[in-house]
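Spelled out, the chains give:
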Amino acid sequence: MAIHQVKSSRAQISRAALQRLYIAMRHLFIRGSYKPLGASGEAMIKALMQLKPEIYGDLTDPEKVELDGLHYVFQRLPQGIEEVKYVKLISREGFEESFKPIIPAKRRRNCYRIDKEQFYIEMTRGRSDIYDVLTHLTFMYIEAEKIKRNAVDIKGLEKREWTRLKEIVKNFKKEEIEFDKERAYSYLSALIGRTYEETKKASLKFDKTVSVNSLFNIVYWLGKYSIDESKGERKREISFSNALREIVGHHVYGEMWATKVKKYLHSKDLLNRPIHIVSSNLHSVMNSLYAKAALEDQMPINSLLEVAEELSIGTNKALRETVRQYALENGMHELDDESGTNLGVQIFDCSKISENDLPKELNLNLSSQNNSEKILVVMDYAFGEQAFECMDELLKPLDHNGQKLKLNIQSINIMGKAGILDGDKGDIMLPSAHIFEGSADNYSFDNAMESSIFEEYNMNVYYGPMITVLGTSLQNKDILRYFLKSSWSCSGLEMEGAHYQKAIQSASKIRKSISENIQIRYAYYASDNPLHSGATLSSGALGKSGVKPTYLITISILHGILRDDLTQDLK
């Protein structure tokens, strides 16, 4: 019988590569260690090369070093990671008592430079965090091999440009010793396979980035260790501590975090008050409620969005602190994280907030008995699977002296950043379901988020299911086009939605620890469009343009929570 040959589509090939990559990472994590350029590491490299994630740009080009991808990665890895041979992923094991933590610019992780050759990276946010780091490291080693190929000739001898770069890096520290940068750029361009103009532009971009070493330093050390390995020296290694391997998946950090929040609510006699959980950043709710009152003597207050833009400027730290202090004196409680989740918490007692302090966009009657009783619990953004761990623990009753004390939770409101598939940066997505990538899991729900305010401010709003991806840095156009164009009709992708909804549904439908009729609101603003070249996450942050969608979502959430006494139009 003839065998029917089936040709796989690019989307199918990419999905298979993604599954292989995750299977490899799980296997290596269980094993305890691996060498990035050993057999196991090569399997990961091959899968990543076949997947070709958009965020890593020219990953598959054998000569061109992907500069935007490197810039994105090094903002999320500890400064100096390129200088070490050995990386160990650990749990919270007491190193903070003896070593000064190094925290990456764009990812809150405690990292420790143990010695000249080794970094420890603390993983307290679950599997998603581990996969994120391993993917970035794999990409980094791929680029290191390109540098090596450009640095040596066919006989294995070092090229003149590499010798010159070695001299430059040995003889200068950033901004301390002057050297001929124009000439140095020419050497560097040959080693990274880029034009002089591209090299200079990228180098200046790295120099301006906080907590990231110069491109000269990064290229030298990445290339050096690849060249050393090719000469038979000891290979680089990634390992996982025993404590980390034992603790992952046990909700240890999430339980510590949630217990602290619930105990605090109980100590302030707030546990039985109507509680509304908000997952967002730790500035938009606070600023929306207090910025007008806190700052009206210092600056003209024409609109909340104008004030929010001022507060978003990096140099306005004093203004932000003024708002924070005013909030702490007028109904806001602050809980710093000590558990390792890196999730700060703010608790707002509506009975202590004066409606006269609110901006015109929040035209609410807080003095009514219904609204004055309400408590807002705002938690910082979770990361991937951490969303399930923390929400699952938060929704459980508090165990107090042998009693199970349930929380009076009325609504759960999720604001997040997401990649959009049929729109642009800054647009709004209101999901109707979350589809968990790589599985048959899907979660549909009634989204109570109102869209009227977005329409009034001429924001583009997209409705439909959203994909909860295993990692935003692993998405490619083939998979995403499939989710957009097929009957799934997805509007975007993010990392937490399915995890949050899994926790909410188990608590409300099965465990009955919260009401089955709880209100749910989800809204996302587009931080990138991975289907558009130049609009991926590695192309840069939204900056000021992200203020408007963030605050409009915040206003919509607050009106949803407090709408019982809404008396006037939003504007």
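Every chain is numbered on its own, with residues counted from 1 as its sequence reads. In view of the model being predicted, local features appear only for residues whose pLDDT reaches at least 70, and side-chain atom pairs are presented and counted only at 80 or more, with totals across whole chains, interfaces and linings using the full set of residues. With hydrogens and water excluded, all non-hydrogen atoms of the structure serve as input to the side-chain values.

Trainee: So what's going on with the overall build of the protein? Residues and values would help.
Mentor: Each helix is a run of H or I in the DSSP string that is no shorter than four residues. Each strand is a run of E no shorter than two, and both are numbered from the N terminus. The helix and strand inventory of the protein stands at 19 helices and 17 strands. Only C-alpha atoms enter the radius of gyration, while the globule expectation follows 2.2 Å times N to the 0.38, with N the number of residues. Against the 2.2 N^0.38 benchmark of 25 Å for 571 residues, the protein shows a C-alpha radius of gyration of 25 Å, consistent with a compact globule. In terms of its C-alpha atoms, the protein occupies a principal-axis envelope of roughly 80 × 75 × 50 Å. Categorising residues by exposure relies on relative accessible area from a 1.4 Å probe, with only protein chains included: less than 20% of the type maximum marks a residue as buried, more than 50% marks it as exposed, and the intermediate range marks it as partly exposed. Residues counted as buried form 57% of the 571 residues belonging to the protein. When the accessible surface of the protein is totalled, it reaches about 24,800 Å², and 47% of it is carbon and sulfur. Under the convention used here, a 1.4 Å probe and the Shrake-Rupley method define accessible areas, while residue burial counts only the protein chains that appear.

Trainee: Please provide a residue-by-residue account of the environment of S33, values included.
Mentor: In this structure, S33 sits in strand 1 (residues 33-34). Between the C-alpha atoms of S33 and L89, which are 56 residues apart in sequence, the distance is 9.8 Å. A contact between two residues is defined here by any heavy atoms of the two lying within 4.5 Å. Once residues within four sequence positions are removed from consideration, S33 is found in contact with L28, E237, I238, S239 and F240.

Trainee: Describe the nonpolar core, with residues and values.
Mentor: Generally speaking, nonpolar side chains in soluble globular proteins are found buried as a group. Each nonpolar core is a collection of buried residues, namely Ala, Val, Leu, Ile, Met, Phe, Trp, Tyr and Cys, held together in the definition by side-chain atoms within 4.5 Å. The biggest cluster of nonpolar side chains holds 88 residues, and the ones touching the most others in it are I81 and L89. Here this core takes 12 residues from helix 4 (residues 127-151), the largest share from any one element. For I81, the residues in contact, after removing those within four places along its chain, are F74, V87, F119, I121, L137 and M140. L305, V307, A327 and L362 belong to the second largest nonpolar core, which has 47 residues in total.

Trainee: Pulling in residues and values, what's your account of the sheet that holds strand 4 (residues 118-122)?
Mentor: For two strands to count as paired, DSSP must find a minimum of two bridges between them. One open sheet holds the 5 strands; their spatial order is 1-5-2-4-3, and the pairing between them is mixed. Each end of this open sheet is capped by a strand with a single partner; those strands are strand 1 and strand 3 (111-115). In this structure, strand 1 lies alongside strand 5 (residues 237-240), joined through 2 bridges in antiparallel fashion. Counted as the bridge partner of S33 is S239 from strand 5.

Trainee: Give a detailed account of the pattern of salt bridges, specifying residues and quantitative values.
Mentor: When a carboxyl oxygen of Asp or Glu lies within 4 Å of a side-chain nitrogen of Lys or Arg, that pair is called a salt bridge. Taken as a whole, this structure holds 34 salt bridges when the rule is applied. Two residues, K35 and E237, come together in a salt bridge whose shortest N-O distance is 3.3 Å. Of this pair, K35 sits in the loop between strand 1 and helix 2 (39-51) while E237 sits in strand 5, placing them 202 residues apart in sequence. Owing to a relative accessible area of 36%, K35 belongs among the partly exposed residues under this scheme. Where K200 meets E182, a salt bridge forms, and the shortest distance between an N and an O atom there is 3.7 Å. Here the residue K200 occupies a position in helix 7 (residues 196-208), and E182 occupies one in helix 6 (residues 181-192), the gap between them amounting to 18 residues. When its relative accessible area of 30% is taken as the criterion, K200 is described as partly exposed. Among the charged side chains, a salt-bridge network with shared partners connects D58, E66, R194 and E198.

Trainee: Please set out helix 3 (residues 67-74) residue by residue, giving values where relevant.
Mentor: Within helix 3, 7 of the 8 residues are buried, which leaves the element mostly enclosed by the surrounding structure. Residues L67, G69, L70, H71, Y72, V73 and F74 constitute the buried set of helix 3. Residues of helix 3 that are buried sit in contact with helix 4, helix 6, helix 7 and helix 8 (215-230). A side-chain oxygen of the first residue of helix 3 lies 3.3 Å from the backbone nitrogen of D68; this N-cap is E66. The term polar contact refers here to a pair of N or O atoms within 3.5 Å; inside protein, the definition further demands a hydrogen-donor-capable atom paired with an acceptor-capable atom, and it admits residues adjacent in sequence only when both atoms are side-chain atoms.

Trainee: I'd like a rundown of the layout of surface pockets, residues and numbers included.
Mentor: Think of a 1 Å grid over the protein atoms and nothing else: a 1.4 Å probe that fits but is trapped marks a cavity, an open set flanked by protein within 12 Å on at least five of seven lines marks a pocket, and residues with an atom within 4 Å of a point count as lining. Grid points are joined across faces, edges and corners, and a volume is the space filled by probe spheres set on the points. When its volume is computed, the second largest pocket comes out at roughly 350 Å³. Breaking the lining of the second largest pocket down by element, the ones donating at least two residues are helix 1 (10-31), helix 4, helix 15 (386-394) and helix 18 (497-510). The biggest single contributor to the lining of the second largest pocket is helix 1, with 4 residues. Residues were grouped as follows: Ala, Val, Leu, Ile, Met, Phe, Trp, Tyr, Cys and Pro as nonpolar; Asp, Glu, Lys and Arg as charged; and all remaining residues, including Gly, as polar. By residue class, the composition of the lining of the second largest pocket is 7 nonpolar, 8 polar and 6 charged.

Trainee: I'd like a description of the pairing of strand 5, backed by residues and values.
Mentor: Where strand 2 (residues 86-90) lies against strand 5, 4 bridges are found, and the strand directions are parallel. Its bridge partner lying in strand 5, V87 is registered against I238.

Trainee: Which residues make up the confidence of the model for the protein, and what are the values?
Mentor: Per-residue pLDDT for the protein averages 91, and the proportion of residues at 70 or more is 94%. Scored from 0 to 100, pLDDT records how confident the predictor is in each individual residue. In this model residues 565-571 is a low-confidence stretch, pLDDT under 50, and it forms 17 contacts with partners more than four residues away in sequence or in other chains.

Trainee: Can you break down unusual backbone geometry residue by residue, with the values?
Mentor: The backbone of D269 shows a phi angle near 60°, a positive value even though the residue is not glycine. By the element assignment, D269 lies in the loop between helix 10 (252-267) and strand 6 (275-279). On the accessibility criterion, D269 (64% relative accessible area) is exposed. Even without a glycine there, the phi angle at K512 is positive, about 60°. Positionally, K512 belongs in the loop between helix 18 and strand 17 (519-528). A residue is classified by how much of its surface remains accessible, and K512, at 39% relative accessible area, is partly exposed.

Trainee: A description of the packing of helix 12 (residues 304-312) against helix 19 (residues 547-562) should follow, citing residues and the corresponding values.
Mentor: Orientation of helix 12 relative to helix 19, taken along the N-to-C sense of each, is 125°, at an axis distance of 10 Å. Regarding the angle of helix 12 to helix 19, the classification is oblique. Helix-helix and strand crossings are classified by hand; for helix 12 and helix 19 the assignment is right-handed. Here helix 12 contributes L304, L305, A308, E309 and S312 to the contact with helix 19, which in turn contributes V547, K548, Y551 and I555. Simply put, an axis is a line fit to the C-alpha atoms, just over the touching stretch for a helix, and the angle between two N-to-C directions goes from 0 to 180 degrees. Should an angle lie under 35 degrees it is considered roughly parallel, over 145 roughly antiparallel, and from 65 to 115 roughly perpendicular; all remaining angles are considered oblique. For any helix crossing, the convention is left-handed if the near helix is rotated counterclockwise from the far helix by under a right angle, and right-handed if that rotation is clockwise.

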